[in-house]
Amino acid sequence: MSSIFSGDETAPFFGFLGAAAALVFSCMGAAYGTAKSGVGVASMGVMRPELVMKSIVPVVMAGVLGIYGLIIAVIISTGINPKAKPYYLFDGYAHLSSGLACGLAGLSAGMAIGIVGDAGVRANAQQPKLFVGMILILIFAEALALYGLIVGIILSSRAGQSRAE
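Residues numbered from 1 in each chain as written. Predicted model: local features only at pLDDT ≥ 70, side-chain atom pairs only at ≥ 80, totals over all residues. Heavy atoms only, no water.

Counted at 1.5 Å a residue, the expected span for helix H2 (residues 57-78) with its 22 residues is 32 Å, and the 33 Å between its end C-alpha atoms agrees. Those residues of H2 hidden inside the fold are in contact with helix H1 (11-47), helix H3 (89-126) and helix H4 (131-158). (Helix = DSSP H or I, 4+ residues; strand = E, 2+ residues; numbered from the N terminus. Expected span 1.5 Å × (residues − 1). Contact = heavy atoms within 4.5 Å.)

Structure below.
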């Protein structure tokens, strides 16, 4: 072996870490949002069972967060192929930052959706006029994860642009 260690040999580690971070953190947010909202739906369903299907919205919105992480994880993992073309540390760090941006945004959005969904469906059972306000707050919370997805796509597209080939 006459090659010198340049550090780029460890680059795929950081890329795969980014893919894992995107999926794991987004799914943690989705799980928390689903669980917390689900508890609110179950509690509200005891008092007003006719509103259960209408109150499922936060659970569905929380579930979408996991899909955002899956999208970024697939984009990142398809971009890692050191045998086909060189994969440098810049590329690994770009993929890591992409995964962290999407994953942590999904986690924070899931926490917001869970808290708002739990309180919102319980309040909606007592005052139906609160439904539109709850949906608007949930949309803004979901937008946080969407921002992370967009930034993640932009960052992952930067991989491969580190050196002129």
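Here we take up the packing of H2 against H3. At a minimum axis separation of 9 Å, H2 and H3 run at an interaxial angle of 175°. As far as their axial angle goes, H3 and H2 are roughly antiparallel. Contacts between H2 and H3 involve Pro58, Met61, Ala62, Leu65, Tyr68, Gly69, Ile72 and Ile76 from the former and His95, Ser98, Gly99, Cys102, Gly106, Ala109, Gly110, Ile113, Gly117 and Val121 from the latter. Here the residues of the contact of H2 with H3 sort into 11 nonpolar, seven polar and no charged. (Axes fitted to C-alpha atoms, helices over the stretch in contact; angles between N-to-C directions. Parallel < 35°, antiparallel > 145°, perpendicular 65-115°, else oblique. Nonpolar A, V, L, I, M, F, W, Y, C, P; charged D, E, K, R; others polar.)

This model, assessed by the stated rule, comprises two aromatic pairs. Here the aromatic rings of Phe13 and Phe14 are separated by 5.3 Å at their centres, their planes lie at 75°, and the arrangement is edge-to-face. Aromatic rings pair up to connect Phe13, Phe14 and Tyr93 into one cluster. (Phe/Tyr/Trp six-rings, centres within 6.5 Å; stacked < 30°, edge-to-face > 60°.)

Further remarks concern a nonpolar patch on the surface. Residues Leu144, Leu146, Tyr147, Ile150 and Ile154 make up a contiguous nonpolar surface patch of roughly 470 Å² in combined accessible area. Within the secondary structure layout, Ile150 lies in helix H4. Judged by its relative accessible area of 44%, Ile150 is partly exposed. (Patch = residues over 30% accessible without salt bridge, like charges linked within 9 Å, V, L, I, M, F, W, Y side chains within 5 Å. Areas by Shrake-Rupley, 256 points an atom, 1.4 Å probe, with all protein chains shown as cover. Salt bridge = Lys/Arg side-chain N within 4 Å of Asp/Glu carboxyl O. Buried < 20%, exposed > 50% of the residue type's maximum accessible area, 1.4 Å probe, protein only.)

Right, let's get into the side chain of Asn124. As for its placement among the helices and strands, Asn124 is situated in helix H3. Taking the relative accessible area as the measure of exposure, Asn124 reaches 1% and is therefore buried. Residues in contact with Asn124, not counting those within four places in the same chain, are Leu51, Ser55, Leu130 and Phe131.

Here we come to the UniProt feature "domain: V-ATPase proteolipid subunit C-like" (unreviewed entry) in the protein. The sites that carry the UniProt feature "domain: V-ATPase proteolipid subunit C-like" (unreviewed entry) are, in the present numbering, residues 17-76 and 97-155. As annotated, residues 17-76 comprises 85% helix and 0% strand, and the C-alpha atoms at either end are separated by 10 Å. A distance of 7 Å separates the end C-alpha atoms of residues 97-155, which is 93% helix and 0% strand. (UniProt positions renumbered as here; feature names shortened; annotations may be inferred.)

So, on to the state of the cysteines. The tally for this structure, following the rule as stated, stands at zero disulfides. For the unlinked cysteine Cys27, the closest cysteine sulfur is that of Cys102, found at 10.0 Å. For Cys102, a relative accessible area of 1% gives the class buried. (Disulfide = S-S within 2.5 Å.)

Inspection of the secondary structure puts Ser156 in helix H4. A relative accessible area of 8% means that Ser156 is categorised as buried. At 3.1 Å, the side chain of Ser156 forms a polar contact with the backbone oxygen of Ile153. (Polar contact = N/O pair within 3.5 Å; in protein donor to acceptor, adjacent residues only side chain to side chain.)

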